[in-house]
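# Coordinate analysis (summary)
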Amino acid sequence: MNWPMSPETFAEVSTGIQDELGKLIVGQAELVRDTLIALLAGGHVLLEGVPGLGKTSLVRAFARVLDLGFNRVQFTPDLMPADVTGTTVITEDEVGRRFDFQAGPVFANLVLADEVNRATPKVQSALLEAMQERTVTVGGTTRHLPDPFFVLATQNPIELEGTYPLPEAQLDRFLFKLAVPYPTDAELAEIARRTTGAAEPELAPVAGAGEVRAMAALVRSVPIADHVIEYAARLVSASQPGRSPLPELPGYLRFGASPRAVQALVLSAKVRALFAGRFNVAFEDVSASAHPVLRHRLLLNFEAEADGVTSDSLVDRLLQTVVPDPVAASR
Amino acid sequence: MRANARHDPLRLLRRHAARVGILASTRFRPSRYLLRLRLAAARHPSRLWRETVQDAGPGLAGALLPLRRRADVDGAIRAALSALACWAGATALVVAWSKLSPVGGTLALAVALGAVSLLGAAAAWALSRPLPLEVARVADARFGLKERLASALFFAGARGVPDPSTMQRRLEEDAVERARQHRPAEAFPLQRHSRRAFVALTALATLAALAFTPNPQATTLARRSADRAVISEAKKAVASARRRLERAPHHGGKEGAQAEAALQRALVQLRKAGTPLQALTALSALESQLSSLPNLSAGEETAAAAAGAALAGTPGTAKLSRDLFAGDLKAAAADLRHLAQRVGELGAKEQRALAKALQQAAERAGANGAGSRFGPGQDQQQPNGGTTSSQGAFSPFTNALSQAAQALEAGKAGAASKYLGSAARGANASAASASLQQQLAAAEAALSNAQSKVASQAQADTSGRKGNLARGAAMKGGGEKGGSSSPRSATGNGQGKSGSFGSSRSVAGQGRGRGKGSGAGNKESKSKAGNGGGNGPAHKSGGGRSSAQVFVGGQPSGTEQVVGKRLANGYKVKTTNYRQVMPSFERTALQGLGSQVLSPADQDLVRNYFTSLGGQTTRGATTKKG
């Protein structure tokens, strides 16, 4: 099987994308990298951070650099599902009156679901069906979303009054949950310099939908040995309260990660391997993806919140506990 | 497809078989497992390995080959060190235990443990030989190859992929290139075994320290070993005597059967004996039984000698006279047959002289063979008018001589010839009987020797002294020489029968009777001549240097009690309570009773003596001590 893009081209394009994004996004290199990984792995990203950290700007920049169709949906409590997916409207012309489907903002390569937790569950579920199935069914007709299709949703960890936290099943559909950190002092200064001048930085497209599809196809062809897959599986298993080797974990968790977590770990690890110029997946690729993959899949209970235990700290404990290669360690 | 292959039982079996060097190929069949094992042992390991990863391609195989070899060496070192530590630890425990308790066979146990450890190490090494993929994973981890090698090998070895993608080819090239930048020793460094080596060396040092520490149980072990040796020697002596007796020509008789049964009983008891004392009991009983057997051949030889003397000077009987005098009854029988053939050729005068000589020979033989089968016996009237004796087998000899003399006197040469033939048969029967007696005598001599050693060992065990075997030998020598017996040996054997008994009895086969000596080193103890009729050398075993000291077994060293004639000479002596010495005296005496040549009456006397003392000892009577 020959792939449409060589690993070298993959590395070149991905580096170009990150460099181009770096023109606008100050710092946040890991965030940019993880977002790109999720996009190339074919997954959706939930960005969480306080307002003003550049979440929306990041998504817009991605759309511009990747030269993809982009739509933004500002989720509000009065938003209706049809406002996202589209609806059938009556149109009248010379022929007569008929029902036409008016596509919603979800019909784009890159959809920004801004403050997704402010919409009602009904709207959230409409979006999440599109995310999972990559189709939209309106009026009994199923319509395919464009390829590639990525949803980058943002949510605000504060101002939670009047919000509708995403249910676990819907959270699970996001490949990554990325926490947008505060910029450092130097980054803040740079942000100020770049955005308060006469001219804002212009982003040029580095790749198009075709390149993105080729890159995604290449990602899936990266070989991963059984023992590396087994490591990912052991990580996910260890996150489940009944099967975890961590004694403290059952006391803090309601639910562990689902099988989608393994898929997310493996796919994202493949992208990381290509980023590293390797032709195989290493243990470190899997462990590097553990935080964004497991962060939103470990459902903490009240005791965890009371003790100040976060899902990230539990993931750290998992990474410390689960040995990547027991065979090598035992010899 | 690959997943299906991984769950294929045959493939799984092949993978496990590869652990012990069996080829992990699709050609592998379980039925050929053993054959392949043998082939594997004959091949070079690298050859096996190459075939195992033959699908990996030359580049990957070449990169993995030194790693696999190094992994095998690493596994061998690990197994060897583990086995060494286990062996040294286990052996140290055994050695330590042997110093706390008298455990024999420590060296053999150590050797056995070593063999088990070696086999275990070999088995562990064979079973834990890493698969090529495991080697690659270890190399990945140690070289920091980011799973390149293992991934390349995993996909290279995966069958059922018809068209390996370029990604896999690139992966293999990348893995090989990076793997070759490292030395195999980096993946399997010797330093990793430092902890194991430390444990093994510590165990070895402990073992060496224990091995070079003096063993407080050595004395006990040596004594036990000596016990086993003397018991084994006694068993051999009894078995040998039994074989000799079986080979004797006249062993089928009543005496032979009794002797054989006694020997068999003794052999059984000796096999059960765990201590020299038990062996001594068995041997003593055996000796008593053998001694109680009637010894008729000694009288026969005396009677034959007397007959030979009577025939001396008679024409035509010179050789017969010599043979009879020498006790060679077999030759004498031939001479008699010869004389019977030519008696008719003699003249009347010669016949009368021969008749007279034969009559005298018959009378002298009858007179000297009293108590033996040469004795006169009770004459019984025969149908033909003759008489015969109801005495033993040799009575026909004297009767036949007498009848031959009477026939010659009456001028009946034919009848005389017939009676001479009868005399020849009687002499022949006695010769066979004498042979059995010789074997019995030899057996008794051998048993006496063994008994002396066992008694000495038993005495050493009782007193806790060393040098038991040397003393036993000294005692035996003293007994044989009579006067030179040492006091210790005299009591050590419980006044046992001296070696002179055995030797004199064996000589008795030559016709000079046997002499019995008590063998005690006591001057007062004189030998008792047997039934040798004055011909047997009477042994005076106590005729040499006198000794008034008798060392009593069972006393602590340095506090040996001395009793003897000096008490009667007015020596100033210390006294000690009977109860302190009498039990040991009694035990020693009673143990030795069975080994002495004492008549039952004398044995009863000894028993009665101690029985009579028993009341006094309980009353706290005292004895004098010099």
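Computed from a predicted model, the values in this text were never measured in an experiment.

### Digging into the overall build of chain A
Within chain A, the regular secondary structure consists of 16 helices and 11 strands. Scored against the burial criterion, the 331 residues of chain A give a buried share of 52%. Considering only intrachain contacts with a sequence separation of at least 6, the fraction spanning at least 24 residues in chain A is 77%. Accessible area for chain A stands at about 14,300 Å²; split by element, carbon and sulfur atoms hold 53% of it.

### Regarding the interface of chain B and chain A
Facing 25 residues of chain B, the contacting portion of chain A comprises 29 residues. Carbon and sulfur atoms supply 56% of the area buried between chain B and chain A, which totals about 2,300 Å² over both sides. At the junction of chain B with chain A, the criterion picks out 3 salt bridges. Our enumeration of links across chain B and chain A arrives at 8 residue pairs in polar contact (both at pLDDT 80 or more). Taken together, the elements giving at least two residues each to the side of chain B that touches chain A come down to α7 (132–143), α8 (148–157) and α9 (166–179) of chain B. Of the residues contributing to the side of chain B that touches chain A, the split by class is 8 nonpolar, 4 polar and 13 charged.

### Quick look at the confidence of the model for chain B
Caution applies to low-pLDDT regions: their predicted coordinates should not be interpreted in detail. When pLDDT is averaged across chain B, the result is 68; 61% of the residues are at 70 or more. Per-residue pLDDT stays below 50 along residues 616–626 of chain B; that stretch engages in 33 contacts with residues further than four places along the chain or on separate chains.

### Quick word on the nonpolar core
A:F10, A:I17, A:L47, A:F62, A:V286, A:L294 and B:L149 are the most contacted members of the largest nonpolar core, which totals 106 residues. Sort the elements by how many residues they give to this core and helix α11 (residues 259–275) of chain A lands first, with 10 residues. The contacts of A:L294, once residues within four sequence positions are left out, are A:A257, A:A261, A:V315 and A:L318.

### Some thoughts on the pattern of salt bridges
Scanning the model with the defined rule gives 28 salt bridges over all chains in all. A salt bridge links B:R169 to B:E173; the nearest nitrogen and oxygen atoms lie 3.0 Å apart. Taken as a pair, B:R169 and B:E173 lie in helix α9 at a separation of 4 residues, close to a single helical turn. Given the relative accessible area of 41%, B:E173 is considered partly exposed. Salt bridges sharing partners connect three or more residues here, namely A:R278, A:E284, A:D285 and B:K146.

### Examining helix α15 (residues 311–321) of chain A
Residues and elements named next belong to chain A. Taken as a whole, α15 has its buried residues at S311, L314, V315 and L318. Down the axis of α15, the buried set is contained in an arc of 100 degrees. They therefore lie on one face. Among the structural elements, α9 (226–238), α10 (249–252), β10 (253–255), α13 (290–294) and β11 (299–300) are those in contact with the buried residues of α15.

### Quick notes on the packing of helix α1 (residues 7–24) of chain A against α11(A)
All names here are of chain A. Look at α1 against α11: their axes get within 9 Å of each other, and the N-to-C directions meet at 95 degrees. By the criterion of interaxial angle, the relationship of α1 to α11 is roughly perpendicular. Between α1 and α11, the contacting residues are P7, F10, A11, S14 and Q18 on the first element and V271, L274 and F275 on the second. The residue makeup of the contact of α1 with α11, split by class, is 6 nonpolar, 2 polar and no charged.

### Overview of the packing of aromatic side chains
All names here are of chain A. One pass over the structure, following the stated rule, counts 4 aromatic pairs over all chains. Measuring from centroid to centroid gives 5.9 Å for F10 and F275, while their planes differ by 40 degrees, and the two rings are tilted. Residue F10 is located in helix α1, and its partner F275 is located in helix α11; the two are separated by 265 residues in the primary sequence. Here F10 and F275 have matching classes, each one buried. With a centroid separation of 5.5 Å and an interplanar angle of 90 degrees, the aromatic rings of Y231 and F283 are classed as edge-to-face. Note that Y231 is positioned in helix α9 and F283 in helix α12 (residues 283–288), a separation of 52 residues in sequence. Using a relative accessible area of 2% as the deciding quantity, one classes Y231 as buried. The cationic tip of R143 hangs over the ring face of F101; the distance from NZ or CZ to the ring centre is 4.0 Å.

What counts and what doesn't
Residues numbered from 1 in each chain as written. Chains lettered and ligands numbered in written order. Predicted model: local features only at pLDDT ≥ 70, side-chain atom pairs only at ≥ 80, totals over all residues. Heavy atoms only, no water. Helix = DSSP H or I, 4+ residues; strand = E, 2+ residues; numbered from the N terminus. Buried < 20%, exposed > 50% of the residue type's maximum accessible area, 1.4 Å probe, protein only. Contact = heavy atoms within 4.5 Å. Areas by Shrake-Rupley, 256 points an atom, 1.4 Å probe, with all protein chains shown as cover. Buried area = accessible area lost by both parts, 1.4 Å probe. Salt bridge = Lys/Arg side-chain N within 4 Å of Asp/Glu carboxyl O. Polar contact = N/O pair within 3.5 Å; in protein donor to acceptor, adjacent residues only side chain to side chain. Nonpolar A, V, L, I, M, F, W, Y, C, P; charged D, E, K, R; others polar. pLDDT = per-residue confidence, 0-100. Core = buried A, V, L, I, M, F, W, Y, C linked by side-chain atoms within 4.5 Å. Arc of directions from axis to C-beta. Axes fitted to C-alpha atoms, helices over the stretch in contact; angles between N-to-C directions. Parallel < 35°, antiparallel > 145°, perpendicular 65-115°, else oblique. Phe/Tyr/Trp six-rings, centres within 6.5 Å; stacked < 30°, edge-to-face > 60°. Lys NZ or Arg CZ within 6 Å of the ring centre and 35° of its normal.

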